[in-house]
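Residue-level listing of the chains:
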Amino acid sequence: MKKLINNPADVVTEALLGIEAAHPELAVDHENKVIYRADGPHRGKVAIISGGGSGHEPLHGGFVGLGMLNAACAGEMFTSPVPDQVVAATKLVDGGAGVLHVVKNYTGDVMNFDMAAEIAAAEGGIEVVAVVTDDDVAVQDSTWTAGRRGVGATVLLEKIAGAAAEQGRSLAEVADVARKVNAQARSMGLALTSCTVPAAGKPTFEIGDDEMELGVGIHGEPGRKRIPMASAREIAEMLVEPVLSDLPFASGDPVIAFVNGLGGTPLIELYVMYNEVQKILTQHGIQIARSLVGPFITSLDMAGTSVTLLKADDDLLSLWDAPVRTPALRWGL
Amino acid sequence: MTDLVAADLEQWVRRFAQSVSDHKDHLTELDSAIGDGDHGANMHRGMQAVLAALDAKRPETPATIFSTVGMTLVSTVGGASGPLFGTLFLRLGSALGPAAEVSLGDLARALRAGLDGIVARGKAEAGDKTLYDALLPAVEALESAAASDTDLGAALQQAADAAAAGRDATTPMSARKGRASYLGERSVGHQDPGATTVALLLAAAVGRS
């Protein structure tokens, strides 16, 4: 294992110190491992928090800032945060208009956020609504599993719901927008290599030099199948087709197209992928209204990519275009 | 064997912590096969925090011992194990109330309440290949022992045996909950780590590890 770390046990703690030092507009509650806006809480506005296991950066801490998240809870590596952290974050950001919890659909995340919402309601009477993302079409048998995993749609949802909250919409309205984003978005990922969790010191799964895992999860969970290495054109086809047929997306639909890097793939390859993705979408008559390309929801050092498509409308697009100022996304300012 | 008092339950919890520590690598190995390989480390971190909390707070009743364990696990473990094992102990605590002594019947009722709490939290059913599959037989063993006026020591032994059998029965199951469920049929042939930890908990009740 070759990593830029001091001690595997200190990676999350030291990264939070780095984030705090690099971004003066953010503050960190180190005891609870919560990154939050230093200029909050914002009276009268809905606050949005998220969180999850660490190792997916910039998700979620890199999305804290104006027009997106008010706070993010950093769990241990690939382990959901505990309720105390989520309760602490909820209290830190509450501006009196309620708090939206954005939760990716993993067993641990859902349970810990559930417990946190119960504690927050019992203790402080803060109104909490949770929206769970489950956009990963790689999980086909969602009746007999923990359900589809929350992946790329989470990034788009946090941006769009954040803009809705910034506009002053109510908690119910912000939650509606968030649910709409999740309902209209689908994703599929692919790994070229495994990630290596620092504490484990070795790759999470074995994969040959000439193999890929189609439908991989962001913690290295198995996907649909192990297949031989292919070209970017073929990979784009394998990712986009299941996404298109699942919603399904139809000719004429406007979409936000998001080509994500899983952490170990260079940006130039993501643009090669984006070129193939846009060609396929054009062939299907899908209109790319907006795009996002880059590593935004990662799996440590895993090489690979995921494609997320969100069926958009005028409201979602204007919220997408609204100003945002976070470490990882910033525009319109 | 007479009714259990606070000191007995505290020793049970301490033996469980020791057992988790002894089996940390084994639990991690089981979890690496079908989960994300952190069950041993997470439970160990949680039980070490429990020992520190017991030393610091010195809870005096059976109920406060269990609720201290539950709150500490919820606050330190994370993942799915934190809420599930935390809920189990929190429910055990609230079911026991202020009593200073715990009879076999009390323990059976409290463990049933814990099981119900886990179901409410995790929505697991029999055969999903989760800790439920080890805990349910243990609860049923305690309940039938209580109904037949079995000696407490013998009843705890029966519960431990039932949990171990339930743990072994998870091996041929296909996972339908948690991270292992993404493997589907590929999870068959692997023992469930959470059920293994439940078997350790019940074994610790009779002083074994």
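Just so it is clear, the model here is predicted, and its values are computed rather than measured. Once a new chain begins, its residue numbering starts again from 1 and follows that chain's sequence as written. Chains and ligands are labelled by the order in which they are written, letters from A for the one and numbers from 1 for the other. Under the rules for a predicted model, residues below a pLDDT of 70 receive no local features and side-chain atom pairs below 80 are neither given nor counted, while totals for whole chains, interfaces and linings still include all residues.

Remarks on the domain arrangement of chain A
Often the size quoted for an interface is simply the accessible area lost on bringing the parts together.
Residue and element names in this part refer to chain A.
Then, number 1: Note that the domain bounds reflect an automated or database-derived domain assignment. Domain annotation of chain A identifies domain 1 (12-184) and domain 2 (185-311).
Then, number 2: With centres defined by C-alpha atoms, the gap from domain 1 to domain 2 works out at 23 Å.
Then, number 3: A pair of residues counts as a contact when their C-beta atoms, built from backbone coordinates, are within 7 Å of each other. Taken together, the contact pairs 21 residues of domain 1 with 29 residues of domain 2.
Then, number 4: Working definition: helices are DSSP H or I runs of at least four residues, strands are E runs of at least two. Numbering for both runs from the N terminus. Mapped by element, the contributors of at least two residues to the side of domain 1 that touches domain 2 are helix 4 (153-166) and helix 5 (171-183).
Then, number 5: Sorting elements by how many residues they give to the side of domain 1 that touches domain 2 places helix 4 first, with four residues.

A closer look at the interface of chain A and chain B
Then, number 1: Contacts between the two partners involve 24 residues from chain A and, on the opposite side, 22 residues from chain B.
Then, number 2: Mapped by element, the contributors of at least two residues to the side of chain A that touches chain B are strand 4 (71-77), helix 2 (83-93) and helix 3 (107-124) of chain A.
Then, number 3: At five residues, helix 3 of chain A tops the list of elements feeding residues into the side of chain A that touches chain B.
Then, number 4: Lys, Arg, Asp and Glu make up the charged group, whereas Ala, Val, Leu, Ile, Met, Phe, Trp, Tyr, Cys and Pro make up the nonpolar group; the residues left over, Gly among them, are polar. Residues belonging to the side of chain A that touches chain B are distributed by class as follows: 11 nonpolar, nine polar and four charged.

Side note on the sheet that holds strand 4 of chain A
Residue and element names in this part refer to chain A.
Then, number 1: Here, strands pair whenever DSSP counts at least two bridges between them. Pairing within the open sheet is mixed, and its six strands lie in the order 1-2-4-3-5-6. Both outer strands of the open sheet, strand 1 (26-29) and strand 6 (128-133), are each paired with one neighbouring strand and no more. On average, adjacent strands in this sheet sit at an angle of 20° to one another, irrespective of strand direction.
Then, number 2: Here strand 5 (residues 99-104) runs beside strand 6; their pairing, made up of six bridges, is parallel. Residue pairing across strands places Lys 104 opposite Thr 133, the latter belonging to strand 6.
Then, number 3: The convention used is that axes are lines fitted to C-alpha atoms, helices contributing only their stretch in contact, and that angles between N-to-C directions extend from 0 to 180 degrees. Together, strand 5 and strand 6 form the strand contacts of helix 5, whose direction differs from that of strand 6 by roughly 5°.

Some words on the sheet that holds strand 11 (residues 287-294) of chain A
Residues and elements named next belong to chain A.
Then, number 1: One open sheet accounts for six strands, arranged 9-8-7-12-10-11; its pairing is mixed. Each edge of the open sheet is held by one strand with a lone partner, namely strand 9 (225-228) and strand 11. With strand direction ignored, the average angle separating the axes of adjacent strands in the sheet is 20°.
Then, number 2: In this structure, strand 7 (residues 185-191) lies alongside strand 12 (residues 304-311), joined through seven bridges in antiparallel fashion. Across the sheet, residue Leu 190 finds its bridge partner in strand 12, namely Thr 305.
Then, number 3: Set on the sheet, helix 6 (residues 232-246) makes contact with strand 7, strand 8 (211-214) and strand 12; between it and strand 7 the angle comes to about 155°.

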